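Here are the chains, one letter per residue:
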Amino acid sequence: MTTEMFLSFHGLLLPKEIHDPESLKFAQDFRFKDNDALAVTYPKSGTIWMQEILPLVLNGGDLTPVQTIANWDRVPWLEEKRLALVVDQLPNPRAMVTHLPYHLMPPSLQTSRAKVIYVMRNPKDVLVSSYYFHQMAAFLQDPGTFGEFMNTFLEGKVLFGKWTDHVKSWRHTELGDRILYLTYEEMVEDLPAALRRLSVFLGRNLSEEVIQKIAEHCSFRNMKANPMSNFSLVPNEYMDSKKSPFLRKGLAGDWKNHFSSEQLAKFSSVIKKELENEDFCLPWSLD
């Protein structure tokens, strides 16, 4: 791990390419509005998907923003440098995303009525997706072999720390009915159903026709073809899509093609141990 590529923020590693002390202070001082919507993910858990979905749910299915504005400006990250540059242009209600744990949220999240959608993905698929991302992103360290990267991941020596710490932080909030928990797998299996839940949660109550229109636009196939969403606008020296496309498969269960039985046993036992005293259950088997 080369320290010059990263900055440490409360013990978390963040790439200097897109974060700096000013952007992190901006995030800590950020003032949420009551009608803001914040999607929260651990990296590689459906962030880009939520950047496509949220504007469409909030605006009633108008495709203009997702066809004309790059996703990082359309639904910016709370902690990244871009937010300060684009926040004043965001339409109302505003949509944002973050990878930060709950305890690093600005105080205004608690005092406002802003709503949070926490998207969780099977950690085995998170690991696989992250492994390929490290191969193509120039601002991240080389992952080594899959087995080596699995150990790095389990030790939390990756962006935004341990997966288990992130999940635990967002399962222990004081947000009450202002937080909705979704899984990536639910969205893969039945996107219209997930969109209906989102629509009700965000007070939009969209018609079935609009739900179907959003689901069609937000299919993996359509997003992969959308230059405003597929990161093809990013120069190759930052992300080399010849090594691995940014939007790779959009599947649930691809981990089965990567883990050996020994790796699976180790991975499952570490995750289970770190979650053994928790009062929530994961929606997937770890074995």
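Quick notes on the rules
Residues numbered from 1 in each chain as written. Predicted model: local features only at pLDDT ≥ 70, side-chain atom pairs only at ≥ 80, totals over all residues. Heavy atoms only, no water. Axes fitted to C-alpha atoms, helices over the stretch in contact; angles between N-to-C directions. Helix = DSSP H or I, 4+ residues; strand = E, 2+ residues; numbered from the N terminus. Parallel < 35°, antiparallel > 145°, perpendicular 65-115°, else oblique. Left-handed = near helix turned anticlockwise from the far one by under 90°. Contact = heavy atoms within 4.5 Å. Nonpolar A, V, L, I, M, F, W, Y, C, P; charged D, E, K, R; others polar. Pairing = 2+ DSSP bridges. Core = buried A, V, L, I, M, F, W, Y, C linked by side-chain atoms within 4.5 Å. Buried < 20%, exposed > 50% of the residue type's maximum accessible area, 1.4 Å probe, protein only.

> Hey, could you run me through the packing of helix H11 (residues 191-201) against helix H12 (residues 208-217) in this one?
At a minimum axis distance of 9 Å, the contact between H11 and H12 shows a crossing angle of 120°. With respect to H12, the axis of H11 lies oblique. Handedness of the crossing formed by H11 with H12: right-handed. Here H11 contributes Leu191, Pro192, Leu195, Arg196 and Ser199 to the contact with H12, which in turn contributes Glu208, Ile211, Gln212, Ile214 and Ala215. Its residues assigned to classes, the contact of H11 with H12 shows six nonpolar, two polar and two charged.

> Would you explain the sheet that holds strand S3 (residues 37-41) in this entry?
Strands belonging to one sheet form pairs held by backbone hydrogen bonds; the direction of such a pair is parallel or antiparallel. Taken together, the four strands give an open sheet; going across it, the order is S4-S3-S5-S6, and neighbouring strands pair in parallel fashion. Here the strands that pair on one side only, and so sit at the sheet edges, are strand S4 (95-98) and strand S6 (179-183). Taken pair by pair, the neighbouring strands of this sheet meet at an average axis angle of 20°, ignoring direction.

> Is there a simple way to think about the nonpolar core in this case?
Soluble, globular proteins show a tendency: their nonpolar side chains are buried together. With 57 residues, the main nonpolar core has Leu109, Trp163, Trp170 and Phe259 as its most contacted residues. Considering every element that reaches this core, the biggest residue donor is helix H7 (residues 123-136), with six residues. Look past the residues within four positions of Trp163 in its chain and what remains in contact with it is Tyr42, Met120, Arg121, Pro123, Val126, Phe153, Ile271, Leu275, Leu282 and Trp284. Counting 34 residues, the second-largest nonpolar core is a separate cluster that includes Val97, Val119, Ala194 and Ile214.

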